[in-house]
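Here are the chains, one letter per residue:
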Amino acid sequence: MDPTNIVARLTPHALDPLVRKLFVTEGPFAGPVDRPVRISALLSFTGEKPDLTERELHGLAAVLVEQALDGTSGNEGRAVTTALARTLRALADIEMDDLDAARLLPAEFARRLCETVPGVTRQLTADGARLHSLLLDAVALHILYFFTRRSGFVARTLVEQTRTLATLVDGHGTAGLRLPLPAAEDTASRYAAPVSPGREDTAAPYTAPKAPSPHDSTVHDTTVHDPALRDAAFEARYAHDTAALHNHLTIFGIDLAHSPDSWPLDAAYLGLQCEPGPTDADAPQDAASAPDTAGQDDPPLPAEQALSGRGQVLVRGVAGSGKTTLLQWLTVATARDELPEVLAGLRGRVPFLLPVRRFAREGLPSPATFLGAVGYGEASEAPAGWTERVLAAGRALLLIDGIDEAPESDREQVRRKLGEWTVRYPGNVWIVTSRPSAVPGNWLADEGFCEVSLAPMSREDVAAFIQRWHRAAAQQSPADLDRLGHYERTLLNAVRITRDLGRLATNPLMCGLLCALHRDRRGYLPNGRKELYDAALSMLLERRDRERAMAATDGVELTRQPKIQLLQKLAHWMLVNGRSEMDRVTAVDTLARHLPAIPDAARQGGPEDVYRHLLNRTGLLREPTPGTVDFVHRTFQDYLAARATVQRHDFELLLDHAHHDNWEDVIRMAVALARPDECAALLDGLLAPHPGVRAAEARHRKLLAAACLEHATELDPAVRARVQRFTRDMVRPSTPSGARALGWIGPIVLEMLPDPAHVSDREAYLLAITATSIADDMAIDYLTGLRDRAHHEVRAQLAGAWRRHDTARYAREIIAHLEPAELYFPVSDLEELHALRRLGGRPHLRIAGPFTPDQLIEGIVPAEGLTRLWLAYDLGVPMEWLSAFPKLDTLRIGRRIPPVRGVPEGIGVVQM
């Protein structure tokens, strides 16, 4: 038995899933753990109804033995399996909690575990005892690492121990995978027990070897002389540190009195949904083979499903939609090897999260500077050429966040560089994010990228976010614990029935602000986006420290207004210079220039003191890397920049840049902040010809003026009429993609669309696309003018928009009036399924959301009325349940759905 070969087979990828089965599965959004937990309380094989049965525990031990022996276990392997199962069962009897255990080295924990079962190895041969020892060391190592990952309390208490365990587990395999092992003779002498006379095949009780430290000279020497081991050790360290760096989310105002500003990513992450981008959505369909499926886009899918199997993806999303959060989650899950099965193709990859803002001016970094660009503090420790080797081997996951953060003039260079890299380094996975309007449709199509878009949060997503936010707040035992339930119920009701709130609650950022403000104001919420941002600034800048009862600890104590003025100066500098990040020196210099004009701040300290105060005490700034500073979210930067520009009366600056996509939100907010005469001048300026502006850019400026109308609190009616007159002819789309783009303007476009009663079927279809692209119930009034059209594409477009609107009202005013002939009616949640049931059911249904077979069998009534079913969402189950529908003759399988199994006889399957 060669211990070196055995240890080499005990890889983290093989052992980690097995070790996890020993413990109960916590919910995916379990809150932070703030105290130690007894090990016996965490086990999956204890209690009245254990998840892991006695037989399954024995089977798990058998798998471990087979893994170590490469499948050739024999009688000796079976004996070791029995001994190992008995030892693992002793976890229920060991007297310690997870913190006690994590304080131990793996070898010591293994020794104590073995002592709980005296004589467990007595009947084993010397080789069997050695195998048991190796396996127990490996399992102990992973158990301790599991404790540090599951518990924020343990991790905070044992930061250095956690780092050591991570290095041992991932950097050196398990129990020495990449550690220098002693010679075989020495190994035998360490593991074999003294032999009793007449019992030469009997091993003594287990004595665990001490695990070598990563700092041992032998480890160091071997690492130095073996480049592969050196790479592996650094890669493990990088994975551990990367997961720690990105494993947090900011949840604004979750508990002003007690909570931290950020929460563990795995406790707070809300699964996002993706819609197909132009590459998929505009793909021509075969009308001859599927004439009854035209006019309906693929439904949103969970982001992990939308990204599955794709090597090069551009993800679009509006500000606050979760683009960066999605990439953070991918980074952490990849670094920890905790990806879901659907993303198994990413396992074993090395993640590089590259925020474009950090190198917007210099262009994409070279592989040699990746580690600096991702903000890795130990970049100097990397073996020479390590990043290049990872890329050349096709093992990297490149996550490039925020193409819109690059200056518009430099984006073409970024596109060319991406094209060069994907050719030079095949086999790697590339995921790029951008705001929707920053780059044209199919911008990276020639480089082999497909596109998806982050979908607005559905009503169910919003409700889930609100419930989870309040659950997380309750875990902090706040003073208003007795009122949190009431706040949750009233906010859920408010976003459901109040139009303005429903329009704001479309992404995680805005939902978080609504929850925080609703609680902070004891159930009262401001109306409109401007009022919401003003209230958020008040909460973060003024109430935050007061609610925490914090005294000035840095010698600076500023009221709300001076803080806003100073933050505006930084935001304005970033706006003018086309940056979303600035270096610390520039930030301090900027404050130094403006401090004399703000005496309340100037008399409390110098620019360095004020900078530190704004960084540490406002909740709006952060240092993403040493020596740089940015705003916690681009939305706040844009809002403060708009405030600064309006106060400076610098409307010419806005008009000079209005055709640049990264100025759109600033201009919309400036319209909301400006006085009536300033607002009128700004809108007239958008309509007027502008030097150096091309025809397409001039059209964009006019559409931006239309989009700004809803933000103007007071506006001369003549100016409003002028904007509508200039844009009326521009809102008669000629292509589906153009019709979708008009939805960007917002509900105001509904006032400009032509009367649907007097247009052709082709134009009616395009108008239906525009109106259904506006996720506002105002659109329902316009769509009623299209509901009686017999044209199939119009009816299909209206049916497919159900999920964007109030379910009951849309069912009553639109769905109930659509002629069902050859039309698939989509259902994406139980509320829609039940609404369709109340309408008497429909013969053709399209499954566009997650359901269980029982839910569909109960909800599709009458069962004999269903004749065709379109599966547009992967339910992940066999299709035997379709036998509940006796008249069903056709099952269509969506383009993104894998082949199904278990379809009852007599039902034809059409793979689209």
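Here the structure is a predicted model, which is why all the values come from computation and not from measurement.

K.L.:
Help me get a handle on the overall build of the chain, residues and values and all.
P.N.:
In terms of helices and strands, the chain carries 41 helices and 17 strands. Across the 912 residues in the chain, those meeting the buried criterion constitute 54%. Partitioning the intrachain contacts of the chain with sequence separation of at least 6 by distance along the chain shows that 70% fall at a separation of at least 24. Carbon and sulfur atoms provide 51% of the accessible area of the chain, an area that totals close to 37,600 Å².

K.L.:
Just give me the short version of the sheet that holds strand E3 (residues 273–276), but keep the residues and values in it.
P.N.:
Reading across from one edge, E4-E3-E9-E5-E8-E7-E6 is the order of the seven strands in this open sheet, with mixed pairing throughout. The open sheet terminates on both sides in strands that have one partner only, identified here as strand E4 (301–302) and strand E6 (350–355). Contacts from helix H16 (residues 323–335) reach strand E5 (312–316), E6, strand E7 (396–401), strand E8 (429–434) and strand E9 (450–454) within the one sheet, and its direction differs from that of E7 by about 160 degrees.

K.L.:
I'd like a description of the side chain of Asp241, backed by residues and values.
P.N.:
Along the chain, Asp241 turns up in helix H12 (residues 227–246). Residue Asp241 is classed as buried on the basis of its relative accessible area of 12%. Within the structure, Asp241 has its side chain in polar contact with the side chain of His240 (distance 3.4 Å).

K.L.:
Residues and numbers for the environment of Glu697, please.
P.N.:
Of note, Glu697 is situated in helix H33 (residues 695–708). Other than its neighbours up to four places away in sequence, Glu697 contacts His659 and Gly692.

K.L.:
Tell me about the packing of aromatic side chains, and please be specific about residues and values.
P.N.:
Applying the stated criterion to the full structure yields 13 aromatic pairs. Ring centres of Tyr824 and Trp870 lie 5.4 Å apart, and the angle between their planes is 85 degrees; this geometry places the pair in the edge-to-face category. Of this pair, Tyr824 sits in the loop between helix H39 (807–813) and strand E13 (825–827) while Trp870 sits in strand E15 (residues 868–871), placing them 46 residues apart in sequence. Trp870 carries the same exposure label as Tyr824, and that label is buried. Through successive ring pairs, a cluster of aromatic residues spans Phe234, Tyr238, Phe352, Phe370, Tyr376, Trp386, Trp421 and Trp430. Just above the ring of Phe825 sits the side chain of Arg842; from NZ or CZ to the centre is 5.1 Å. Over the aromatic face of Trp870 sits the side chain of Arg846, whose NZ or CZ is 4.5 Å from the ring centroid.

K.L.:
Can you lay out the environment of Arg603 for me, pointing to particular residues and giving the numbers?
P.N.:
Along the chain, Arg603 falls in the loop between helix H27 (599–602) and helix H28 (607–617). In this structure, the C-alpha to C-alpha distance between Arg603 and Val556, residues 47 residues apart in sequence, is 9.3 Å. Only 2.6 Å separates the side chain of Arg603 from the side chain of Asp600, close enough to count as a polar contact.

K.L.:
Any details on the packing of helix H20 (residues 459–474) against helix H23 (residues 508–520)? Residues and values, ideally.
P.N.:
A pair of packed helices can be characterised by two numbers: the angle between their axes and the separation between those axes. For the pair H20 and H23, the least separation of the axes is 10 Å and the interaxial angle reads 50 degrees. Comparing their axes, H23 and H20 come out oblique. Crossing angle aside, the handedness with which H20 passes H23 is right-handed. Where H20 abuts H23, its residues Val462, Phe465, Ile466, Trp469, His470 and Ala473 lie against Pro508, Cys511, Gly512, Cys515, Ala516 and Arg519. Tallied by class, residues from the contact of H20 with H23 come to nine nonpolar, two polar and one charged.

K.L.:
Account for helix H25 (residues 560–576), naming residues and giving values.
P.N.:
A rise of 1.5 Å per residue sets the reference length of H25, with its 17 residues, at 24 Å; its end C-alpha atoms lie 24 Å apart and thus fit the reference within 8%. Residue Gly578 follows H25 closely and has a positive phi angle near 65 degrees.

K.L.:
Help me get a handle on the pairing of strand E16 (residues 890–893), residues and values and all.
P.N.:
Burial along E16 is two-sided: the residues Thr890 and Arg892 and Leu891 and Ile893 are all buried. Of the pairings in the sheet, the one linking E15 to E16 comprises four bridges and is parallel in character. Bridge pairing in E16 places Leu871 opposite Ile893. Where E16 meets strand E17 (residues 908–911), four bridges bridge the pair, whose relative direction is parallel. Looking at E17, one finds that Arg892 is bridged to Val910.

K.L.:
A description of the pairing of E9 should follow, citing residues and the corresponding values.
P.N.:
Of all five residues that make up E9, five are buried, and the element is covered over most of its length. Residues Cys450, Val452 and Leu454 point to one face of E9 and Glu451 and Ser453 to the other, with burial holding for every one of them. Both E3 and E9 contribute to a ladder of three bridges, which runs antiparallel. When the bridges of E9 are listed, Glu275 appears paired with Ser453.

K.L.:
Kindly report on the sheet that holds strand E10 (residues 582–583), identifying the contributing residues and their values.
P.N.:
Think of a sheet as strands paired side by side through backbone hydrogen bonds, with each pair either parallel or antiparallel. The strand order across the open sheet built from three strands is E10-E12-E11, with neighbouring strands paired in antiparallel fashion. Only two strands of the sheet have a single partner each, and these edge strands are E10 and strand E11 (621–622). Inspection of the sheet shows E11 paired to strand E12 (residues 628–631) by two bridges, in the antiparallel sense. Residue pairing for E12: Arg622 is matched across the bridge by Asp630.

K.L.:
So, the pattern of salt bridges: which residues are in play, and what are the values?
P.N.:
The full count for this structure, using the stated rule, is 39 salt bridges. Through salt bridges with shared partners, a single ionic network connects Asp404, Glu405, Arg435, Arg634, Asp638 and Asp665.

K.L.:
For the confidence of the model for the chain, give the residues involved together with the corresponding values.
P.N.:
A low pLDDT means the predicted coordinates there should not be read in detail. In the predicted model, the chain carries a mean pLDDT of 80, and 82% of its residues have values of at least 70. Throughout residues 27–32 the model reports pLDDT below 50, and contacts reaching past four residues in sequence, or to other chains, amount to 12 contacts. Counted against residues more than four places away or in other chains, residues 170–225, with its pLDDT under 50, gives 108 contacts.

K.L.:
Tell me about unusual backbone geometry, residues and numbers included.
P.N.:
Leave glycine aside and you will find that most residues have negative phi; peptide bonds, for their part, are mostly trans. Of the consecutive residues Val861 and Pro862, the connecting peptide bond is found in the cis state with omega at -5 degrees. You can see Pro862 is positioned in the loop between helix H41 (853–859) and E15. For Arg522, which is not a glycine, the phi torsion comes out positive at approximately 55 degrees. One non-glycine residue, Glu822, lies in positive phi territory at about 55 degrees. Among the structural elements, Glu822 can be located in the loop between H39 and E13.

K.L.:
So what about the side chain of Arg701? Which residues, and what values?
P.N.:
By the element assignment, Arg701 lies in helix H33. Buried and unpaired, Arg701 has Asp656 as its nearest opposite-charge partner, separated by 6.5 Å. Discounting chain neighbours no more than four positions away, the residues touching Arg701 are Leu655, Ala658, His659, Gly685, Leu686, His690 and Val693.

K.L.:
Help me get a handle on H20, residues and values and all.
P.N.:
Here H20 is 16 residues long and its end C-alpha atoms lie 23 Å apart, about the 22 Å a rise of 1.5 Å per residue gives. Residues of H20 that are buried: Asp461, Val462, Phe465, Ile466, Arg468, Trp469, His470, Ala472 and Ala473.

K.L.:
Provide a residue-level description of the packing of helix H26 (residues 584–594) against H28, including the pertinent values.
P.N.:
It is at 9 Å that the axes of H26 and H28 come closest, and there the two elements cross at 115 degrees. By the angle between their directions, the pair H26 and H28 is classed as roughly perpendicular. With respect to the hand of their crossing, H26 and H28 are arranged in right-handed fashion. For the pair H26 and H28, contact is made by Arg584, Ala587, Val588, Leu591 and Ala592 and by Pro607, Glu608, Tyr611, Arg612 and Leu614, respectively. Tallied by class, the residues present in the contact of H26 with H28 amount to seven nonpolar, no polar and three charged.

K.L.:
Can you lay out the state of the cysteines for me, pointing to particular residues and giving the numbers?
P.N.:
Two cysteines form a disulfide when their sulfur atoms are joined by a covalent bond. Throughout the structure, instances matching the rule amount to zero disulfides. Between Cys708, a free cysteine, and Cys679, which holds the nearest cysteine sulfur, the sulfur-to-sulfur gap is 7.8 Å.

K.L.:
Can you tell me about the environment of Leu833, naming the residues and giving the values?
P.N.:
Relative to the elements of secondary structure, Leu833 occurs in helix H40 (residues 830–838). On the accessibility criterion, Leu833 (1% relative accessible area) is buried. For Leu833 and Thr807, which are 26 residues apart along the polypeptide, the C-alpha to C-alpha distance reads 10.0 Å.

Conventions we followed
Residues numbered from 1 in each chain as written. Predicted model: local features only at pLDDT ≥ 70, side-chain atom pairs only at ≥ 80, totals over all residues. Heavy atoms only, no water. Helix = DSSP H or I, 4+ residues; strand = E, 2+ residues; numbered from the N terminus. Buried < 20%, exposed > 50% of the residue type's maximum accessible area, 1.4 Å probe, protein only. Contact = heavy atoms within 4.5 Å. Areas by Shrake-Rupley, 256 points an atom, 1.4 Å probe, with all protein chains shown as cover. Pairing = 2+ DSSP bridges. Axes fitted to C-alpha atoms, helices over the stretch in contact; angles between N-to-C directions. Polar contact = N/O pair within 3.5 Å; in protein donor to acceptor, adjacent residues only side chain to side chain. Phe/Tyr/Trp six-rings, centres within 6.5 Å; stacked < 30°, edge-to-face > 60°. Lys NZ or Arg CZ within 6 Å of the ring centre and 35° of its normal. Parallel < 35°, antiparallel > 145°, perpendicular 65-115°, else oblique. Left-handed = near helix turned anticlockwise from the far one by under 90°. Nonpolar A, V, L, I, M, F, W, Y, C, P; charged D, E, K, R; others polar. Expected span 1.5 Å × (residues − 1). Salt bridge = Lys/Arg side-chain N within 4 Å of Asp/Glu carboxyl O. pLDDT = per-residue confidence, 0-100. Lys, Arg positive; Asp, Glu negative; His and termini not counted. Disulfide = S-S within 2.5 Å.

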